[in-house]
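Each chain, letter by letter, is given below.
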Amino acid sequence: MAASLSRRTWLRTAALALAGAGAAPAWRLGAQELTAPPPEGRHINLGGNENPFGPAPAVVQAILRAAPQSSRYPFREEYVLQELLAQKEGVPVDHIVLGNGCDELLALAAAAFLRPGRSVVATEPTYFQLTDYAVKVGAEVRRIEHRPDTMQHDLPAMAAAVDASTALVYVCNPDNPSGTVLPPAAVAAFCREIAPRAPVFLDEVYVDLLNDPRVHTQVALVRAGLPVMIGRSYSKSHGLAGHRIGYVVTTPALAAALRKLQMSSVNFLGVAAARASLFETAFHAWSVRKIREGRARYGALLDELGLRYTPSLGNFVFHEVRRPMGEFQAVMKERGFLVGWPHAPAKRYPDWCRVSIGTDDEMAKFAVALRAVMRPGG
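None of the values given here were measured: they were computed from a predicted structure.

Asks: Go over the overall build of the chain with me, naming the residues and quoting the values.
Replies: Within the chain one finds 15 helices and 11 strands. Counting only residues that meet the buried cut, the chain has 53% of its 378 residues in that class. For the chain, long-range pairs separated by at least 24 residues make up 73% of all intrachain contacts whose partners lie at least 6 apart in sequence. Approximately 17000 Å² of the chain is accessible, and the part contributed by carbon and sulfur atoms is 58%.

Written as C-alpha cells, this is what we have:
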C-alpha cells in the first residue's frame, strides 16, 4: 500500500506540474521517450539488493519540495545532514564522511590506505567494491575463505593473515552475498585486536535489516578512538539506492584521509531525501518487515525445490541453482528477471546465485519461473 501510494503521489504531482507548464517547448522529451524503459528496465531486477518498498511517501514529498532548489550545490545542506547523522550515531560531526553510496567510501578507503607492497585482508566470497579497487591500485588482496559450515567470516584466520604489510582489513557484517551475521562480541574483539595494527573497514550497510541493529553496530569502537570505519548506506532500509547516499562513521584522522581523496560531493536531492528519511521510522519498520516476510517465503520455496541456501539476514538469499551461474542468469533473463552475478571463488560456488527480495508480486512471478526452470529439462 505504502509503495503504491508513493508512486501515485509522485505521478500525480508530476502530472500537475507538466499541466501547469503550458505547451511543451521544443526541447522537452515526448511522452513516449519519457515512459519508455531502458533495455534492462523491461526486466524485474532481483540482482541489485535494492529495497523495492521505499522511499517513504513523505520522503518523496520532500524530494519534490527540494526539486526547485536543486540548481544549487548542496554544500550547506550536506553539512546539516552530517550534523543529524552525528547526533544519530552519538559522535561529533567531524566523525561523519558522506559519500555517493557506501561504494564510494569503500573505494576511498582502498585508495587512501593501499598501494603496491601493501595488502588488504578480506573474507571470500564477500562484497567486492573495496577488494576490486585494491587490485586497481596494485595492492595484494588476501582472501580468506569463510567457514564452510556457517558461511561466516573466519575471524581467527583473517587475524592470522594480518602482517606488517597489511594496511586495511575489510569485514562485511551482515555479509554479502551470504547474508550471515557474526556475533557482536566476536566482531568487537576482532577489531580491538586488529585495528591498532591496520584500520578495519566494517561494512554495516545491512545492519538496519536486523532485529536489533543497535546491538550489532560497532560505532562504540569509534567513540573509543579505535581506527575503525563503519560503513552505512541509504540504499537498503531507506529505499534510496538511486540517490547514492552513504556515510562512514570513523575517527577524525581516518575521516580526513578519506576526504582528502574525494572528487565530488553528494547530490542535492539525495541529501534532501536522506534528511527526511531519518524521521520515517514507522515506514522503515514496515519496509523491513516486508523484506523479512518475502525472504521467509522465498526460503520456503527453496525448501520445496530442495535447493541449499544460506541463513540470510539481508534483503537477499544466496542459494544453489544446479547449473553454472552464467547459464542461470541467461535463463532467468529470458524469462524476464535479472539476478545476481557470480561470486568468487567460483571453484566453491559455481552454481550458486544471490537473489534479492522484490515486491510480493515480483516474488510470486519469480516463484513461477524458478519452479519451471528447476523442473527436469527446465
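Asks: Any chance you could break down the environment of glutamate 304 for me, citing the residues and the numbers?
Replies: Inspection of the secondary structure puts glutamate 304 in helix α13 (residues 281-305). Separated by 2.8 Å, the side chains of glutamate 304 and arginine 371 make a polar contact.

Asks: Explain the pattern of salt bridges to me, and be specific about the residues and the numbers.
Replies: Overall, the coordinates contain 15 salt bridges when judged by the stated rule. The partner of arginine 232 in a salt bridge is glutamate 89, with the nearest N and O atoms 2.9 Å apart. Here arginine 232, found in strand β7 (residues 228-233), pairs with glutamate 89, found in helix α4 (residues 75-89); they are 143 residues apart in sequence, far enough to count as distant. A single burial state applies to arginine 232 and to glutamate 89, both of which are buried. With a shortest N-O distance of 3.3 Å, arginine 308 and glutamate 320 are connected by a salt bridge. Linking arginine 308 in the loop between α13 and β9 (316-320) with glutamate 320 in strand β9, this pair joins segments that are 12 residues apart in sequence. Each member of the salt-bridge network shares a partner with another, and the members are Lys88, Glu89, Glu204 and Arg232.

Asks: Give me the lowdown on unusual backbone geometry, citing residues and values where you can.
Replies: Glycine aside, residues mostly have negative phi, and peptide bonds are mostly found in the trans state. Here the amide bond leading from glycine 54 into proline 55 is cis, since omega sits at 0°, within 30 degrees of zero. Within the secondary structure, proline 55 is located in the loop between β1 (44-45) and α3 (57-66). Following glutamate 124, the chain continues into proline 125 via a peptide bond in cis, with omega recorded as 0°. Inspection of the secondary structure puts proline 125 in the loop between β3 (119-124) and α6 (129-136). One non-glycine residue, asparagine 49, lies in the positive phi region at around 55°. Structurally, asparagine 49 is set in the loop between β1 and α3. Phi at methionine 151 takes a positive value of approximately 55°, unusual for a residue other than glycine. By the secondary structure assignment, methionine 151 is in the loop between β4 (140-145) and α7 (155-161).

Asks: I'd like a rundown of the packing of aromatic side chains, residues and numbers included.
Replies: Each aromatic ring pair is specified by the distance between its two centres and by the angle formed by the two planes. Tallied over the entire structure, the rule returns 11 aromatic pairs. Within the aromatic cluster, the residues linked to one another by ring pairs are Phe53, Phe283 and Trp286. The ring centre of phenylalanine 316 lies 5.9 Å from the NZ or CZ of arginine 354, which sits over that ring.

Asks: I'd love a proper account of the side chain of threonine 310, names of residues and values included.
Replies: Here threonine 310 shows up in the loop between α13 and β9. A polar atom in the side chain of threonine 310 sits 2.7 Å from the backbone oxygen of serine 178.

Asks: Could you give an account of the packing of helix α5 (residues 101-113) against helix α11 (residues 252-261), with specific residues and numbers?
Replies: It is the contact of α5 with α11, at a shortest axis distance of 9 Å, that shows an interaxial angle of 100°. Taken together, the axes of α5 and α11 are roughly perpendicular relative to one another. On the side of α5, the interface is formed by Leu108, Ala109, Ala111, Ala112 and Phe113, while α11 contributes Leu254, Ala257, Leu258 and Leu261. Its residues assigned to classes, the contact of α5 with α11 shows 9 nonpolar, no polar and no charged.

Asks: Go over the sheet that holds β7, please, and point to the residues and values.
Replies: The sheet built from 7 strands is open, its strands ordered β2-β8-β7-β6-β5-β3-β4 with mixed pairing. Looking at the sheet topology across the chains shown, the edges are occupied by β2 (96-99) and β4. Each strand of the sheet is rotated relative to its neighbour by a mean of 20°, with strand direction disregarded. As paired strands, β2 and strand β8 (residues 246-249) are joined by 4 bridges and run antiparallel to one another. What sits directly across from isoleucine 96, in β8, is valine 249. Contacts from α6 reach β3, β4, β5 (166-172) and β6 (200-203), with the element oriented near 145° to β4.

Rules behind the numbers
- Residues numbered from 1 in each chain as written.
- Predicted model: local features only at pLDDT ≥ 70, side-chain atom pairs only at ≥ 80, totals over all residues.
- Heavy atoms only, no water.
- Helix = DSSP H or I, 4+ residues; strand = E, 2+ residues; numbered from the N terminus.
- Buried < 20%, exposed > 50% of the residue type's maximum accessible area, 1.4 Å probe, protein only.
- Contact = heavy atoms within 4.5 Å.
- Areas by Shrake-Rupley, 256 points an atom, 1.4 Å probe, with all protein chains shown as cover.
- Polar contact = N/O pair within 3.5 Å; in protein donor to acceptor, adjacent residues only side chain to side chain.
- Salt bridge = Lys/Arg side-chain N within 4 Å of Asp/Glu carboxyl O.
- Phe/Tyr/Trp six-rings, centres within 6.5 Å; stacked < 30°, edge-to-face > 60°.
- Lys NZ or Arg CZ within 6 Å of the ring centre and 35° of its normal.
- Axes fitted to C-alpha atoms, helices over the stretch in contact; angles between N-to-C directions.
- Parallel < 35°, antiparallel > 145°, perpendicular 65-115°, else oblique.
- Nonpolar A, V, L, I, M, F, W, Y, C, P; charged D, E, K, R; others polar.
- Pairing = 2+ DSSP bridges.

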